[in-house]
Amino acid sequence: KRNRDGAVGGIKLDAGPIASVQAGSPAERAGLLPSDKLAKINGRSVGLEIDPLKVPHELAALHGQEVELVITRQNPTGPREEVTLKVVPENRPGW
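So, here's what we can say about the structure.

Criteria and thresholds
Residues numbered from 1 in each chain as written. Predicted model: local features only at pLDDT ≥ 70, side-chain atom pairs only at ≥ 80, totals over all residues. Heavy atoms only, no water. Helix = DSSP H or I, 4+ residues; strand = E, 2+ residues; numbered from the N terminus. Buried < 20%, exposed > 50% of the residue type's maximum accessible area, 1.4 Å probe, protein only. Contact = heavy atoms within 4.5 Å. Areas by Shrake-Rupley, 256 points an atom, 1.4 Å probe, with all protein chains shown as cover. Core = buried A, V, L, I, M, F, W, Y, C linked by side-chain atoms within 4.5 Å. Pairing = 2+ DSSP bridges.

### Considerations on the overall build of the protein
Right, so step 1: Helix and strand counts for the protein stand at two helices and four strands.
Right, so step 2: When the helices and strands of the protein are placed in sequence order, the string is α-β-β-α-β-β.
Right, so step 3: The buried share among the 95 residues of the protein stands at 33%.
Right, so step 4: When contacts within the protein are restricted to residue pairs at least 6 apart in sequence, long-range pairs at least 24 apart make up 50% of them.
Right, so step 5: As presented, the protein carries roughly 6,000 Å² of accessible surface, and 52% of it is formed by carbon and sulfur atoms.

This is the structure in structure tokens:
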């Protein structure tokens, strides 16, 4: 059961940083970089509204549609910053 802040059973999950981006993939075309962290998919919070482990399936279900991603990215001269990117996922989990 979700509580008021969206956590399930009192636990909020966090997506770790992106480890790598496949060349020629929708993620690369959108501008995702290793070490970016997914924060939101179409306005839905990753970790509160979307289980981080289900992100590949969530994106595959949106294949062929433009999807807005909000990521946090380390700024070389300061703190992490939010960046909004658009991606058109393919119909395959693990895109």
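After that view, the rundown keeps rolling.
### A closer look at the side chain of Arg73
Right, so step 1: Mapped onto the secondary structure, Arg73 falls in strand β3 (residues 67–74).
Right, so step 2: In contact with Arg73, other than residues within four places in its own chain, are Gly31, Leu32, Leu33, Asp36, Pro79, Arg80, Glu81, Val83 and Leu85.

### Quick look at the nonpolar core
Burial of nonpolar side chains together is a common tendency in soluble globular proteins.
Right, so step 1: Counting 17 residues, the largest nonpolar core has Leu32, Ile41, Val55 and Leu69 as the members making the most contacts within it.
Right, so step 2: Put simply, the parts of the chain that give this core at least two residues each are α1 (26–30), β1 (37–41), α2 (55–61), β3 and β4 (80–87).
Right, so step 3: Those residues within four positions of Val55 in sequence are excluded, and the remaining contacts are Leu38, Ile41, Val46 and Ile50.

### Concerning the sheet that holds β4
Right, so step 1: With antiparallel pairing, four strands are arranged side by side in an open sheet as β2-β1-β3-β4. At either end of the open sheet lies a strand with only one pairing partner, and these are β2 (44–45) and β4.
Right, so step 2: One ladder, built from four bridges, connects β1 with β3; its direction is antiparallel. Across the sheet, the residue bridging to Leu38 is Ile71, located in β3.

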